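# Geometric and topological summary
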Amino acid sequence: MKNSIRLALIFTLMSSTAFAATQETAATDEAEVKQEKLADMSDPLAVFGQVGMGATNRGLNLKFGQIYDTGDADSKGMKVLEVRGFYGETLGYDEGASIDNSLDSIRLRDVEVNTKNGRGTQLEYNLNFDSNAVLGEQSGSIAYSFIQALPKMGPVNLFPLAGAGVSFGNNACGDDITIASADCADMSHGFSVQGAYTLLGMYSKIEITDKLWLNYNPVYLSALAGSVNYKNHAYGINNDALLTHEFAVNYRISKRLNVRYFANWNENLSFSEGDHRIEFNYQL
């Protein structure tokens, strides 16, 4: 009788241990599956849901990204909305005359990436609320571009891109009024397309460690067609083209969270006078 009781206890303990081990293995497998679903946030072509917030010299930025089904098993898509430069007068440190507490700009990107060939497309919308000498009281752009991941070269990844877009403005200067002869803000004919432009550039990633990486992203913009003022002054007085620079230092706090420092400047604006921000991004 005692032996039967002992055997029953042993079988009970073994069953409990086996059940606990099964549960632990299942939990580990589930965690690994969830981990596998996380995108590499250091990859410029990574597609993932995200939220982010940044502090800049011109105020605060907010970001929200959501993935969507493209209808193609070999591609992924996401939409990313950014609002930039609010509370600039209160929290920013830029001394520019245009700094205030209202929004500076809104940016919306629609990105699709082919997971087999490493090719991506991007449709980007920008709306700027600050006045522009050529494009008027408010301005914006719509651009479509292609980006291609090249084979990795040691710690370096390169992603060349090319595209084209159109620029529009509210009460913009037209062919009949030049910047030198009149104030374009006095015009009142609403929003209008002022010209088209091309863009050529590259994203790059330099991996320092598995948690630290650098980015350098130059883009060359050139006016292609449009009004006389746009063709002559699209990127500043007597500038129909512009080379822009973006540099970033990135640190991965966890697989879901990173912190990034960005600097943006161009050939007419020095590094120190450019836009600087620190941004936290969390993968959903």
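Scoring rules and cut-offs
Residues numbered from 1 in each chain as written. Predicted model: local features only at pLDDT ≥ 70, side-chain atom pairs only at ≥ 80, totals over all residues. Heavy atoms only, no water. Helix = DSSP H or I, 4+ residues; strand = E, 2+ residues; numbered from the N terminus. Buried < 20%, exposed > 50% of the residue type's maximum accessible area, 1.4 Å probe, protein only. Areas by Shrake-Rupley, 256 points an atom, 1.4 Å probe, with all protein chains shown as cover. Phe/Tyr/Trp six-rings, centres within 6.5 Å; stacked < 30°, edge-to-face > 60°. Lys NZ or Arg CZ within 6 Å of the ring centre and 35° of its normal. Polar contact = N/O pair within 3.5 Å; in protein donor to acceptor, adjacent residues only side chain to side chain. Contact = heavy atoms within 4.5 Å. Salt bridge = Lys/Arg side-chain N within 4 Å of Asp/Glu carboxyl O. Pairing = 2+ DSSP bridges.

Turning next to the overall build of the protein. Each helix and strand counted, the protein has three helices and 13 strands in total. By residue count, 37% of the 284 residues in the protein fall in the buried class. Within the structure as shown, the protein displays about 16000 Å² of accessible surface, and the carbon and sulfur contribution to it stands at 60%.

Moving on to the packing of aromatic side chains. In total, this model carries four aromatic pairs according to the counting rule given. Taking the centre distance of 5.3 Å and the plane angle of 90° together, the rings of tyrosine 144 and phenylalanine 146 count as edge-to-face. Sitting over the ring of phenylalanine 262, arginine 277 keeps its end group 3.9 Å from the ring centre.

Once that is clear, we can look at unusual backbone geometry. Backbone geometry places tyrosine 87, a non-glycine residue, at a positive phi of 60°. Topologically, tyrosine 87 is positioned in the loop between strand 3 (75-86) and helix 2 (88-91). Of note in this structure, asparagine 171 is not a glycine but carries a positive phi near 60°. Within the secondary structure, asparagine 171 sits in the loop between strand 7 (156-170) and strand 8 (191-207).

Mapping asparagine 250 onto the fold places it in strand 11 (residues 241-252). Taking relative accessible area as the criterion, asparagine 250 reaches 0% and is therefore assigned buried. Engagement of the side chain of asparagine 250 in a polar contact is seen with the backbone oxygen of tryptophan 213, the distance being 2.9 Å. A polar atom in the side chain of asparagine 250 sits 2.9 Å from the side chain of asparagine 215. Not counting chain neighbours up to four residues away, the residues in contact with asparagine 250 comprise Lys211, Leu212, Trp213, Leu214, Asn215, Val259 and Arg260.

Right, let's talk about the pattern of salt bridges for a bit. As a working rule, side chains carrying opposite charge can pair if their charged atoms are close by. If you walk through the whole model with that rule in mind, you get 12 salt bridges. The closest approach of N and O atoms between arginine 277 and glutamate 279, which form a salt bridge, is 3.4 Å. One exposure class covers both arginine 277 and glutamate 279, and it is buried. Here the salt bridges share partners, and the residues they tie into one network are Glu82, Arg84, Arg107 and Glu124.

This brings us to the pairing of strand 10 (residues 219-226). The pairing of strand 8 with strand 10 spans seven bridges and is antiparallel. Pairing of glycine 201 across the sheet is with valine 219, part of strand 10. Relative to strand 11, strand 10 is paired through four bridges, and the arrangement is antiparallel. Following the sheet pairing, serine 222 is matched in strand 11 by alanine 241.

Turning our attention to the environment of asparagine 268. Mapped onto the secondary structure, asparagine 268 falls in the loop between strand 12 (257-266) and strand 13 (275-283). Assessed through its relative accessible area of 46%, asparagine 268 is described here as partly exposed. When near neighbours in sequence (up to four residues on either side) are disregarded, asparagine 268 contacts Tyr235, Asn239 and Leu242.

Nothing here speaks to function; it is all geometry.
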